[in-house]
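What follows is each chain in one-letter form.
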Amino acid sequence: MAYWLLKSEPASYSWEQLEKDGFTAWTGVRNYAARNFLRQMQPGDQAFYYHSGEGTEIVGIARITKAFYQDPTSEDSNWVAVDIEPVKKLDKAVTLRQIKGEKRLAEMALVKLSRLSVQPVTEAEWNTVLELAGEKAWL
DNA sequence: GCCAACGTTGGC
DNA sequence: GCCAACGTTGGC
């Protein structure tokens, strides 16, 4: 099982909206690097849900429920989407500031490749973020 | 194939 | 609102 991080501006689609909807199709990715990661996602993989713009923090954990398929919002077969569902809202959101201040997370794509909207997370990074979120018992 | 111009993302 | 990072476009 792999770990990922998905970015979204809460003004366009927030974690709260995802919880309300129960699931969503992750569409609209128009960047090749991000697209390549979408193609690697498997059902059961987990992803941090990050709010960019307002918030700049990891707010929850989502799960991939459906592997990639052609993005229905594009006629170009280059672009793909996956389906996700909410798993758990973090007890304490983990802010970008915290992440930047944590040595063990210095190599996170969120820090190094700040503009990438779909990124891989290592198992060590995943566990460290959960620790910062006060979710140790949930590991 | 190089590179300048330009557009977009996202933090601050 | 500003600016850095970076992807894309288009001229040569």
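1. Some thoughts on the pattern of salt bridges
- On inspection of all chains with the given rule, the structure shows 7 salt bridges.
- With a shortest N-O distance of 2.9 Å, Arg30 and Asp71 are connected by a salt bridge. Of this pair, Arg30 sits in the loop between strand S2 (24-26) and helix H2 (32-40) while Asp71 is found in the loop between strand S4 (57-70) and strand S5 (80-95), placing the two residues 41 residues apart along the sequence.
- For Arg30, a relative accessible area of 38% corresponds to the partly exposed category.
- Judged by relative accessible area, Asp71 falls into the buried class, the value being 1%.
- As a salt-bridge pair, Glu107 and Lys112 come within 3.4 Å of each other at their nearest N and O atoms. Here the two residues Glu107 and Lys112 agree in accessibility, since each one is exposed.
- Because the salt bridges share partners, they merge into one network encompassing Lys88, Asp91 and Glu135.

Reading the values: the criteria
- Residues numbered from 1 in each chain as written.
- Chains lettered and ligands numbered in written order.
- Predicted model: local features only at pLDDT ≥ 70, side-chain atom pairs only at ≥ 80, totals over all residues.
- Heavy atoms only, no water.
- Salt bridge = Lys/Arg side-chain N within 4 Å of Asp/Glu carboxyl O.
- Helix = DSSP H or I, 4+ residues; strand = E, 2+ residues; numbered from the N terminus.
- Buried < 20%, exposed > 50% of the residue type's maximum accessible area, 1.4 Å probe, protein only.

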